[in-house]
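Below are the chains, spelled out letter by letter.
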Amino acid sequence: MPSLRLATGATLGFLAGLALPHARKAVMQGPSIMAGDWVDALKAEHRIVQAAFAKLLETNDDQAMQREFLLSKIAYALTKHGIEEENVIYPALSETSHAQEARKLFEEHSDIKTFIYDLRRLPAGDPAWLARARQFSDHVDAHIREEEDEIFPAFRDALPDAENERLTRMLNWEGFKVA
């Protein structure tokens, strides 16, 4: 009987080990999936990042651990988001008359990665840290405004519904893979 319980426990543990990562991925991609089409999904992700930045910018120099935690949260969200855009939306933009905009957006993602690197190298309690974080937040906000106000709506409107649906499926799959 003990060996049966051990085998049952091992089997249940194995099955949980297989299921839990997929459940976590579904939870992480859930807000994007629930948002609607690919533009709405990306906007939902933008709001998550902006909310984390708002909390980060309220910290002071003696909250280094909180800053590091929030920076990690922002870095994770932006990395996941960036993969979705870089693997789906920007290549789709590149195939159209929006190729120059796609190149610019790719470059801005490179700048975002540099901001993350710079902040990770600087001690989070350093007085210069918050000023650099504010520059980072401003850069991300400008990137978001450009995407949301100019590039993405015009691109979505120029595409047939079937193509927008395909991009939405592809974007959500990319997000699920890296969540």
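Residues numbered from 1 in each chain as written. Predicted model: local features only at pLDDT ≥ 70, side-chain atom pairs only at ≥ 80, totals over all residues. Heavy atoms only, no water.

1. Topic: helix 5 (residues 127–158)
Selection rule: Under the DSSP-based scheme used, a helix requires at least four consecutive residues in state H or I and a strand at least two consecutive residues in state E, with every element numbered from the N terminus. The span one expects for a helix is its residue count, reduced by one, times 1.5 Å. Bend is the name given here to the angle between axes fitted to two runs of seven residues, the run ending at a residue and the run starting at it. Counted as a polar contact is a pair of N or O atoms within 3.5 Å, where, for protein atoms, one must be capable of donating a hydrogen and the other of accepting one, and residues adjacent in sequence contribute only when both atoms are in side chains.
Here helix 5 spans 47 Å end to end across 32 residues, near enough to the 46 Å set by a 1.5 Å rise per residue. Glu147 marks where helix 5 bends most, by close to 40°. Sitting at the amino-terminal end of helix 5 is Asp126, which places a side-chain oxygen 2.7 Å from the backbone nitrogen of Ala128.

2. Side note on helix 2 (residues 38–57)
The criterion, for reference: Buried residues are those whose accessible area, probed at 1.4 Å on protein chains only, stays under 20% of the maximum for their type, while exposed residues exceed 50% and partly exposed ones sit between those limits. Think of the arc as the fan of directions from the helix axis to the C-beta atoms.
End to end, helix 2 covers 29 Å across 20 residues, agreeing with the expected 28 Å (1.5 Å per residue, within 8%). Within helix 2 the residues assigned to the buried category are Trp38, Val39, Ala41, Leu42, Glu45, His46, Val49, Ala52, Phe53 and Leu56. Looking down the long axis of helix 2, one finds its buried residues gathered within 160° of arc, a one-sided arrangement. Between a side-chain oxygen at the N-terminus of helix 2 and the backbone nitrogen of Val39 the separation is 3.1 Å; the capping residue is Asp37.

3. Re the nonpolar core
The condition that has to hold: In these notes, a set of buried Ala, Val, Leu, Ile, Met, Phe, Trp, Tyr and Cys residues joined through side-chain atoms within 4.5 Å is what counts as a nonpolar core. Note on definitions: a residue-residue contact is assigned when non-hydrogen atoms from the two residues lie within 4.5 Å.
In this structure, Ile74, Phe136 and Val140 are the most contacted members of the largest nonpolar core, which totals 20 residues. Listing elements by their share of this core, those giving two or more residues are helix 2, helix 3 (64–94), helix 4 (99–121) and helix 5. With six residues, the single largest contributor to this core is helix 3. Not counting residues up to four positions away in its chain, the partners in contact with Val140 are Val49, Phe53, Leu78 and Ile112. Judged by nonpolar contacts, the second largest core, of 17 residues, contains Val39, Tyr90, Ala92 and Ala102.

4. Structural notes on the side chain of Glu147
Put simply, the rule is: By the counting scheme adopted, Arg and Lys are positive, Glu and Asp are negative, and His together with the chain ends is not counted. The rule for a salt bridge is simple: a side-chain nitrogen of Lys or Arg has to be within 4 Å of a carboxyl oxygen of Asp or Glu.
Mapped onto the fold, Glu147 is located in helix 5. The charged side chain of Glu147 is buried without a salt bridge, its nearest counter-charge being Arg47 at 8.7 Å. Reaching out from Glu147, the side chain makes a polar contact with the side chain of Tyr90 at a distance of 2.5 Å. A polar contact is formed between the side chain of Glu147 and the side chain of His143, at a distance of 2.8 Å.

5. What to know about the packing of helix 3 against helix 6 (residues 161–178)
What counts, and what does not: For helices, the fitted axis covers only the stretch in contact; all axes are lines through C-alpha atoms, and the angles between them, taken along N-to-C directions, range from 0 to 180 degrees. Handedness of each helix crossing follows the sense of rotation of the near helix against the far helix: counterclockwise by less than a right angle gives left-handed, clockwise gives right-handed. Any residue outside Ala, Val, Leu, Ile, Met, Phe, Trp, Tyr, Cys, Pro, Asp, Glu, Lys and Arg is labelled polar, Gly included; the first ten of those are nonpolar and the last four are charged.
Interaxial distance between helix 3 and helix 6 falls to 9 Å at its minimum, and their mutual angle equals 145°. Relative to helix 6, the crossing made by helix 3 is right-handed. The residues of helix 6 that touch helix 3, namely those facing Tyr76, Lys80, Ile83, Glu84, Asn87, Val88, Ile89 and Ala92, are Leu167, Met170, Leu171, Glu174, Gly175 and Val178. Residue composition of the contact of helix 3 with helix 6, grouped by class: nine nonpolar, two polar and three charged.

6. Considerations on the environment of His46
By the element assignment, His46 lies in helix 2. When the C-alpha positions of His46 and Leu78 are compared, they lie 8.7 Å apart, and in sequence the two are 32 residues distant. Discounting chain neighbours no more than four positions away, the residues touching His46 are His81, Glu85, Ile144, Glu147 and Glu148. A distance of 3.1 Å separates the side chain of His46 from the side chain of His81, its partner in a polar contact.

7. Points about the pattern of salt bridges
The tally for this structure, following the rule as stated, stands at eleven salt bridges. Linking Arg156 and Asp37 is a salt bridge whose minimum nitrogen-to-oxygen distance equals 2.8 Å. Of this pair, Arg156 sits in helix 5 while Asp37 sits in the loop between helix 1 (2–35) and helix 2; the two residues are 119 residues apart in sequence, bridging distant segments of the chain. Looking at Asp37, the relative accessible area reads 21%, which means it is partly exposed.

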